[in-house]
Amino acid sequence: MRVGVFGAGYIGLVTGACLASLGHRVVVRDIVPARVEMLRAGQVPLYEPGLEDLLRQNRDRLTFTLDAAEALEGTEVAFVCVDTPPSASGDADLSRVWSVVAELGSAPELKALVVKSTVPVGTGEQIRGVLETSGLGHLGYASNPEFTAEGRAVRDFLRPDRVVIGAEETETARLVTALHEGIDAPVEVMGVASAEMVKLAANALLATKITFINEIAAVCERTGADVLEVARAVGLDHRLGPHFLNAGLGYGGSCFPKDSRALRAMASNSGHPFQLLSAVIEVNDLQPRRAVQRLKDRLGGLRGRRVALLGLTFKPDTDDMREAPSEVLAARLLAEGCEVTGWDPMARLPDREPWTTRVRRTKTVAEAAEDCDALVVVTEWAELRDVDWSDVAHRMRGRVLFDGRNTLDREELASQGFVCMAVGRATAGED
Ligand SMILES: NC(=O)c1ccc[n+]([C@@H]2O[C@H](COP(=O)([O-])OP(=O)(O)OC[C@H]3O[C@@H](n4cnc5c(N)ncnc54)[C@H](O)[C@@H]3O)[C@@H](O)[C@H]2O)c1
Ligand SMILES: O=c1ccn([C@@H]2O[C@H](COP(=O)(O)OP(=O)(O)O[C@H]3O[C@H](CO)[C@@H](O)[C@H](O)[C@H]3O)[C@@H](O)[C@H]2O)c(=O)[nH]1
């Protein structure tokens, strides 16, 4: 089939490359000239494991354009993969989705519009109404939410737990199902509103699970229990499962924070105060702040202290800094009068943020740690396992290591002289 993909970001590029690998001809359209030029030159404007190879292997079936008409020429299905960031009110900003809808114009071969972007429930119905009034009522409409996680997006797309297709007409559901031929996963076909809700509900539940274990961790710290032991045994209950029970510095990224706020706003708009979700959002906002407070207590104040943040991205294996807990940590530490250094192998730092200009970024962990009072592991990059920690310890003026992801071997670190703080666990290496 010939497919047009609108948006060449994380989801658009992964969708385009994966659909091409399934044998479809794909035109990817973006509005940023530099992005399209890079893609045409065979470069990938973002880091996602496996994506560059997949784009290269399928370049015969993939083209990139700035021109909406070119993306629609001969196209049977148009995918909307544009960003839906939070607006000031917390509601999702759908302006980019509406831009794509406005661009559809007359595309004689177009059979269906498929929205992959995460949108509030009811968006599909609104779009269908607009298509109807603009003479495009013959187009099929589907919601096909995407569940890939960054860092494993290609694998998630090609081997998902399920494919969700929301469509009101059988023909559209059949068309979108056919596009996924070659993917071995259950296909759940349902109404458009339900499909839109599945995406928001899944993200909210995952965010709640993380927040729940972070709350348990806080109680563990006060009572002598160890959250790793607790989470492991709790997760063995097949009704609960072991996933998303890693206590840490809070969830970040382009989805959980934005989608939980959007679901809360949507619920409020419908007259239902989603109190559980409000609590999740509040607890998560506090999580990195709590870590700064603990560090302050440990160091006896933060003014004049030097602290290194190890890992800046919201999670490993991505360059994405959207809503990364490191931002709050850096901003808080700077506000408390610390000097802050930062190490990350991949982060694309937003150059307009005031905090990024005040954090000295280093190429190695050892450089970041030079003369520091404390280190904070913010992102559990695999590279941290290969660090020569005894060398790092000798470069520091203090010995505190706050493992914000419970990822390092704290007994070994303690034997090298570190005072190893953790989330939901006792501090190791105290005299
Ligand atoms: N990133 C993820 O892991 C993920 C996972 C599942 C769902 N989603 C959802 O998918 C959507 C896209 O997320 P993303 O992370 O890929 O965003 P992104 O910001 O990485 O990419 C969006 C792209 O769309 C382009 N764009 C904006 N307006 C356009 C237009 N009118 N026509 C064509 N292109 C346009 C932007 O220039 C940008 O390149 C969001 O709704 C997000 O919530 C994201
Ligand atoms: O046990 C855990 C698991 C995750 N996190 C944090 O949660 C955030 C999100 O992690 P993850 O879910 O792995 O990454 P995303 O790429 O944001 O993917 C989520 O958001 C996407 C966008 O909607 C969805 O498609 C995915 O299914 C969903 O997992 C990160 O900051 C993680 O550090 C924890 O703190 N503890």
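Here is what the cut-offs are and how they apply
- Residues numbered from 1 in each chain as written.
- Chains lettered and ligands numbered in written order.
- Predicted model: local features only at pLDDT ≥ 70, side-chain atom pairs only at ≥ 80, totals over all residues.
- Heavy atoms only, no water.
- UniProt positions renumbered as here; feature names shortened; annotations may be inferred.
- Phe/Tyr/Trp six-rings, centres within 6.5 Å; stacked < 30°, edge-to-face > 60°.
- Lys NZ or Arg CZ within 6 Å of the ring centre and 35° of its normal.
- Salt bridge = Lys/Arg side-chain N within 4 Å of Asp/Glu carboxyl O.
- Helix = DSSP H or I, 4+ residues; strand = E, 2+ residues; numbered from the N terminus.
- Buried < 20%, exposed > 50% of the residue type's maximum accessible area, 1.4 Å probe, protein only.
- Axes fitted to C-alpha atoms, helices over the stretch in contact; angles between N-to-C directions.
- Parallel < 35°, antiparallel > 145°, perpendicular 65-115°, else oblique.
- Left-handed = near helix turned anticlockwise from the far one by under 90°.
- Contact = heavy atoms within 4.5 Å.
- Expected span 1.5 Å × (residues − 1).
- Bend = angle between axes of the 7 residues up to and from the residue.
- Disulfide = S-S within 2.5 Å.
- Domains from an automatic or database assignment.
- Buried area = accessible area lost by both parts, 1.4 Å probe.
- Polar contact = N/O pair within 3.5 Å; in protein donor to acceptor, adjacent residues only side chain to side chain.
- Near = heavy atom within 4 Å.
- Areas by Shrake-Rupley, 256 points an atom, 1.4 Å probe, with all protein chains shown as cover.
- Nonpolar A, V, L, I, M, F, W, Y, C, P; charged D, E, K, R; others polar.
- pLDDT = per-residue confidence, 0-100.
- Core = buried A, V, L, I, M, F, W, Y, C linked by side-chain atoms within 4.5 Å.
- Patch = residues over 30% accessible without salt bridge, like charges linked within 9 Å, V, L, I, M, F, W, Y side chains within 5 Å.
- Lys, Arg positive; Asp, Glu negative; His and termini not counted.
- Charge placed at Lys NZ, Arg CZ, Asp CG, Glu CD.

As annotated in an unreviewed UniProt entry, the protein chain is UDP-glucose 6-dehydrogenase from Streptomyces bohaiensis. According to UniProt, the comment filed for the protein chain under the heading Sequence similarities (unreviewed entry) is "Belongs to the UDP-glucose/GDP-mannose dehydrogenase family."

S.K.: Any chance you could explain the packing of aromatic side chains here in plain terms?
M.R.: Any aromatic ring pair is given by two values, namely how distant the centres are and how the planes are angled relative to each other. Under the definition given, this model contains three aromatic pairs. Here the aromatic rings of Y251 and F256 are separated by 5.8 Å at their centres, their planes lie at 85°, and the arrangement is edge-to-face. A connected cluster of aromatic rings, assembled from ring pairs, spans F244, Y251 and F256. Of note, R162 hangs over the ring of F147, and the distance from its end group to the ring centre comes to 3.8 Å.

S.K.: Honestly, the pattern of salt bridges in this entry has me stumped. Any pointers?
M.R.: A pair can form between side chains of opposite charge whenever their charged atoms are brought close. Applying the stated criterion across every chain, the model contains 30 salt bridges. A salt bridge links R348 to D319; its shortest N-O distance comes to 2.9 Å. One end of the pair, R348, is in the loop between strand 10 (339–343) and helix 14 (354–358); the other, D319, is in the loop between strand 9 (306–310) and helix 13 (325–335), with 29 residues separating them in the sequence. Since its relative accessible area comes to 39%, R348 is described here as partly exposed. A residue is classified by how much of its surface remains accessible, and D319, at 4% relative accessible area, is buried. Linked through salt bridges whose partners overlap, the residues forming this network are D226, R410, E411 and R425.

S.K.: I would appreciate a short explanation of the packing of helix 9 (residues 192–223) against helix 10 (residues 227–235) in the present structure.
M.R.: Packed helix pairs are characterised by how far apart their axes lie and by the angle those axes make with each other. Here helix 9 crosses helix 10 at 135°, and the two axes come no closer than 9 Å. Between helix 9 and helix 10, the crossing angle belongs to the class labelled oblique. Once helix 9 is placed against helix 10, the crossing between them reads as right-handed. Between helix 9, through I213, I216, A217 and C220, and helix 10, the contact on the second element is made entirely by V227, V230 and A231.

S.K.: Would you explain helix 12 (residues 275–299) in this entry?
M.R.: Each turn of an α-helix holds 3.6 residues, which means side chains three or four residues apart point in the same direction. With 25 residues, helix 12 extends 36 Å from end C-alpha to end C-alpha; this agrees with the ideal 36 Å at 1.5 Å per step. The largest bend along helix 12 measures about 35° and falls at Q287, with the proline P288 one to four residues further on. Residues of helix 12 that are buried include every one of L277, V280, I281, V283, N284, Q287, P288, A291, V292, R294, L295 and L299, and no others. One or two residues past the end of helix 12 sits G300, with phi positive at roughly 70°.

S.K.: Sorry, what's going on with the state of the cysteines here?
M.R.: What we call a disulfide is simply a covalent bond connecting the sulfur atoms of a pair of cysteines. This structure, assessed with the given rule, holds zero disulfides. Free of any disulfide, C18 has its nearest neighbouring cysteine sulfur in C81, separated by 11 Å.

S.K.: Before we go on, may I ask you to explain the domain arrangement of the protein chain in this structure?
M.R.: When the parts come together, some accessible area is lost, and that loss is often what is quoted as the size of the interface. Under the domain assignment, the protein chain is made up of domain 1 (2–190) and domain 2 (191–431). Centre-to-centre, using C-alpha coordinates, domain 1 lies 32 Å away from domain 2. Taken together, the 33 residues of domain 1 in the interface contact 28 residues of domain 2. Buried area between domain 1 and domain 2, both sides added, is near 2400 Å², and the carbon and sulfur share of it is 60%. The interface formed by domain 1 and domain 2 holds one salt bridge in total. With a shortest N-O distance of 3.7 Å, E150 and R322 are connected by a salt bridge. Inspection of the region where domain 1 meets domain 2 yields 12 residue pairs in polar contact (both at pLDDT 80 or more).

S.K.: Would you take a moment to explain the site of ligand 1 for this structure?
M.R.: The environment of ligand 1 is formed by 27 residues, the closest being I11, D30, T84, T118 and K258. Between E150 and ligand 1, the recorded distance is 2.9 Å, taken from a side-chain N or O atom to a nitrogen atom. With respect to ligand 1, the side chain of R322 contributes an N or O atom lying 2.9 Å from an oxygen atom. Taken by itself ligand 1 offers 830 Å² of open surface, and the protein chains cover 92% of this. Where the shell around ligand 1 is concerned, the elements lending two or more residues are helix 1 (10–21) and helix 5 (95–103). Here the element with the most residues in the shell around ligand 1 is helix 5; it accounts for three residues. A breakdown of the residues in the shell around ligand 1 according to their chemical character gives nine nonpolar, eight polar and 10 charged. Taken together, domain 1 (2–190) and domain 2 (191–431) each give at least three residues to the shell around ligand 1, which thus spans both.

S.K.: Sorry, what's going on with the confidence of the model for the protein chain here?
M.R.: Low pLDDT marks regions whose predicted coordinates should not be analysed in detail. Chain-level statistics for the protein chain give a pLDDT mean of 96 and a share of 100% at 70 or above. Scored as a whole, the predicted complex attains pTM 0.96, and scored at its interfaces, ipTM 0.98.

S.K.: Could you clarify how one ought to interpret the site of ligand 2 in this entry?
M.R.: Near ligand 2 there are 19 residues, and of these F147, T148, E150, K199 and C255 occur at the shortest range. Here an oxygen atom of ligand 2 sits 2.7 Å away from a polar atom, N or O, in the main chain of F147. Contributions of two or more residues to the shell around ligand 2 are made by helix 9 and helix 11 (256–269). A total of three residues in the shell around ligand 2 trace back to one element, the largest contributor, which is helix 9. Per-class residue counts for the shell around ligand 2 are nine nonpolar, four polar and six charged. Domain assignment of the residues forming the shell around ligand 2 places at least three in each of domain 1 (2–190) and domain 2 (191–431).

S.K.: When you look at the nonpolar core in this model, what are you seeing that I'm missing?
M.R.: Soluble, globular proteins show a tendency: their nonpolar side chains are buried together. Of all hydrophobic cores here, the largest spans 39 residues; its most connected members are L13, V26, L51, L55 and F79. Setting aside residues no more than four positions away along its own chain, L13 makes contact with G7, A8, L39, V44, P45, L46, L51, L55 and F64. Within the second largest apolar cluster, 36 residues are counted, among which are L309, A324, L334 and C338.

S.K.: Could you clarify how one ought to interpret a negative patch on the surface in this entry?
M.R.: On the surface, a cluster of negative charge is made up of D67, E70, E73 and E109. Tracing the backbone through its elements, the reader meets D67 in the loop between strand 3 (62–65) and helix 4 (68–72). For D67, a relative accessible area of 39% puts it in the partly exposed group.

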